[in-house]
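Listed here are the chains, written in short residue letters.
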Amino acid sequence: MTKRLYYNSPYQIELKTTVTECRKRADGLFNVLTAETIVFPAGGGQPSDIGKMNNASIVAAEDMGDDVFHIVDAIFDPGETVTITIDWNRRFDHSQQHTGEHMVSGIAHSLFSVKNVGFHMGTDYVTIDFDKMLTKEQINELEMAVNRAILMDIPVRSKIISMEELSTISLRKKADGISGAIRIVDIEGIDSCTCCGTHTLTTGGVGLLKITDSMKHRGGIRLWMTCGMRALVDYSGKHDTLIRLGKHFSTRWQNLEAAILSQEKELADMRFEAKRRQLRYCELRAKELLSNTSGQFIAAIESDSEIEEIKLLCDRIIQEEDKITLLFGTKSDTIYYCIARGSEVDISMKTLCLAVNAALSGKGGGRDDIAQGSAKIDPCLPTPDLNMVIANIRNIIHK
Ligand SMILES: [Zn+2]
């Protein structure tokens with residue numbers, strides 16, 4: 001049975017102890033058992049500690065019954081004295097998030113009678129699931145109450161009790177399927193529950209708690225929360241972004257939302273106006289092309305036009321007159337094409353589009369009444385002669 005020193009000395013970062021067993025694992029690493037340990041194995045939603053055993057790396061630790069196996073990348077002899085050190089930044093961060101979780105769960109339970117039904121602690125984020133929905137106002141109230149309790153620096157105490165004692169005390173949460181000696185973690189006036197994890201010595205160690213996001217989850221709510229240095233990093237990142245954006249918009253961060261909404265409206269108005277002008281342009285250009293063309297086939301090359309504009313123009317022309325219309329648009333290194341027919345024409349535009357694809361090594365397709373495509377201009381090859389392509393399509397139509 002490994003003596004777990006992290007229960008009562010959660011801030012101990014170094015330990016001299018004796019190896020009692022060492023077994024090779026299937027993955028080539030070793031399960032090393034020691035008389036006692038300061039290394040927390042994964043459990044209760046909290047990830048495992050990592051650290052060193054002499055100069056070897058402890059990559060994780062696992063709970064196996066009463067023992068804690070250190071998973072180490074070197075072999076050790078039973079009886080050997082070793083020095084174990086833990087990655088303190090990682091451990092303290094986990095302890096801060098874990099203590100924060102107790103506080104959020106305990107206070108939410110007191111204030112709103114909600115039950116913690118899930119907890120995840122990862123390297124990037126921490127979530128708590130509650131069985132009932134909370135409003136935005138309740139979440140704010142909860143966050144304020146937790147931070148007030150952090151500032152009160154209340155001791156976080158743990159004790160081991162028997163199963164008999166367990167049935168006589170009132171707890172927010174009792175873990176399922178436990179037996180033998182049971183560990184209770186108690187923050188006076190805030191929370192009391194069974195727990196195997198590591199915590200800060202007082203609530204003040206949590207530093208700061210921020211609920212960063214929420215979503216509906218299985219009939220209740222999932223909250224994203226962040227504590228301690230993680231909360232500071234979150235604050236700093238958001239602060240820097242707001243200050244940068246404020247400079248960009250030449251305003252204080254407090255006025256940013258209004259500035260962004262105002263720019264959004266300006267942009268929507270400009271898009272509306274650009275569209276109105278484009279439609280007007282297509283109307284006039286269609287008239288111009290129609291007045292310069294006789295016969296059933298209209299073709300043109302529109303410089304500096306993308307697919308949307310040549311489609312609009314095609315559409316405008318066939319609305320005016322029942323003709324086959326082939327338009328090319330060119331913009332930087334791309335040729336766009338659209339080919340459309342009026343309702344009285346019985347040639348399939350798909351067939352003509354295939355001929356354009358073949359001539360330009362392009363890609364495109366569509367329906368019998370309208371088809372479109374595009375081709376990249378290869379700078380290593382001669383620029384395609386679009387007038388030749390138009391002449392070829394004219395021949396196909398005449399045949
Ligand atoms: Zn805990």
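Before reading further, recall that the structure is shown in the block above.
J.: I'm lost on the overall build of the protein in this one. Help?
T.: Within the protein, the regular secondary structure consists of eight helices and 20 strands. Taking 399 residues into account, the globule formula puts the C-alpha radius of gyration at 21 Å, and the protein, at 35 Å, lies well above it. When the backbone C-alpha atoms are referred to their principal axes, the protein occupies close to 100 × 50 × 40 Å. In the structure as shown, the protein presents an accessible area of about 21900 Å², 52% of it carried by carbon and sulfur atoms. Of the side-chain charges in the protein, 47 are positive and 54 negative, and the distance between the mean point of each set is 2 Å.

J.: What is the right way to read the pattern of salt bridges from this model?
T.: Side-chain pairing between opposite charges can occur once the charged atoms of the two side chains come close. Tallied over the full model, the rule gives 22 salt bridges. Across the pair Lys331 and Glu306 runs a salt bridge, and its minimum N-O distance is 3.7 Å. Of this pair, Lys331 sits in strand β17 (residues 324-331) while Glu306 sits in the loop between β16 (297-303) and α6 (307-320), placing them 25 residues apart in sequence. Overall, the relative accessible area of 31% leaves Lys331 in the partly exposed class. A relative accessible area of 38% means that Glu306 is categorised as partly exposed.

J.: Teacher, can you tell me more about the side chain of Ser305 here?
T.: Structurally, Ser305 can be placed in the loop between β16 and α6. Overall, Ser305 belongs to the buried group, its relative accessible area being 3%. For Ser305, the residues in contact, after removing those within four places along its chain, are Ile310, Gly329, Thr330, Lys331 and Tyr336.

J.: Can you help me understand the sheet that holds strand β11 (residues 156-161) in this one?
T.: Pairing between sheet strands relies on hydrogen bonds along the backbone, with the strands arranged either parallel or antiparallel. The strand order across the open sheet built from three strands is β11-β12-β13, with neighbouring strands paired in antiparallel fashion. Both outer strands of the open sheet, β11 and β13 (191-194), are each paired with one neighbouring strand and no more. The sheet shows a mean angle of 20 degrees between the axes of neighbouring strands, taken without regard to direction. Note that strand β12 (residues 182-187) and β13 share four bridges and pair antiparallel. Looking at β13, one finds that Ile184 is bridged to Thr194.

J.: In this structure, what is going on with the coordination of the zinc ion? I would like to understand it.
T.: Each angle at a metal carrying four tetrahedral donors should ideally be 109.5 degrees, and each at a metal carrying six octahedral donors should ideally be 90 or 180 degrees. Within the first shell, the zinc ion binds the protein through His98 (NE2), His102 (NE2), Cys195 (SG) and His199 (NE2), at distances of 2.0 to 2.2 Å. Around the zinc ion, the four donor atoms sit at angles spanning 97 to 123 degrees, and that spread fits a shape best called tetrahedral. Summarised as a motif, the one-chain spacing of the donors to the zinc ion is H-x3-H-x92-C-x3-H. On the criterion of sequence distance, the pair formed by His102 in helix α1 (residues 88-112) and Cys195 in the loop between β13 and β14 (209-217) is long-range, its members being 93 residues apart. The pair His102 / Cys195 is uniform in exposure class, with both members buried.

J.: Where do I start with the packing of α1 against helix α2 (residues 136-151) in this structure?
T.: Each pair of packed helices can be described by the angle between their axes along with the distance between the axes. Where α1 contacts α2, the axes come no closer than 10 Å and their chain directions differ by 125 degrees. Here α1 is positioned oblique relative to α2, judged by the angle of their axes. As α1 runs across α2, the sense of the crossing is right-handed. For the pair α1 and α2, contact is made by Met103, Val104, Ile107, Ala108, Leu111 and Phe112 and by Gln138, Glu141, Leu142, Ala145, Val146, Ala149 and Ile150, respectively.

Cut-offs used in this document
Residues numbered from 1 in each chain as written. Predicted model: local features only at pLDDT ≥ 70, side-chain atom pairs only at ≥ 80, totals over all residues. Heavy atoms only, no water. Helix = DSSP H or I, 4+ residues; strand = E, 2+ residues; numbered from the N terminus. Rg over C-alpha atoms; globule rule 2.2 N^0.38 Å. Areas by Shrake-Rupley, 256 points an atom, 1.4 Å probe, with all protein chains shown as cover. Lys, Arg positive; Asp, Glu negative; His and termini not counted. Charge placed at Lys NZ, Arg CZ, Asp CG, Glu CD. Salt bridge = Lys/Arg side-chain N within 4 Å of Asp/Glu carboxyl O. Buried < 20%, exposed > 50% of the residue type's maximum accessible area, 1.4 Å probe, protein only. Contact = heavy atoms within 4.5 Å. Pairing = 2+ DSSP bridges. Axes fitted to C-alpha atoms, helices over the stretch in contact; angles between N-to-C directions. Donors = N, O, S within 2.8 Å, 3.2 Å for Na, K, Ca; no water. Tetrahedral: all angles 85-135°; square planar, octahedral: opposite > 155°, others 65-115°. Parallel < 35°, antiparallel > 145°, perpendicular 65-115°, else oblique. Left-handed = near helix turned anticlockwise from the far one by under 90°.

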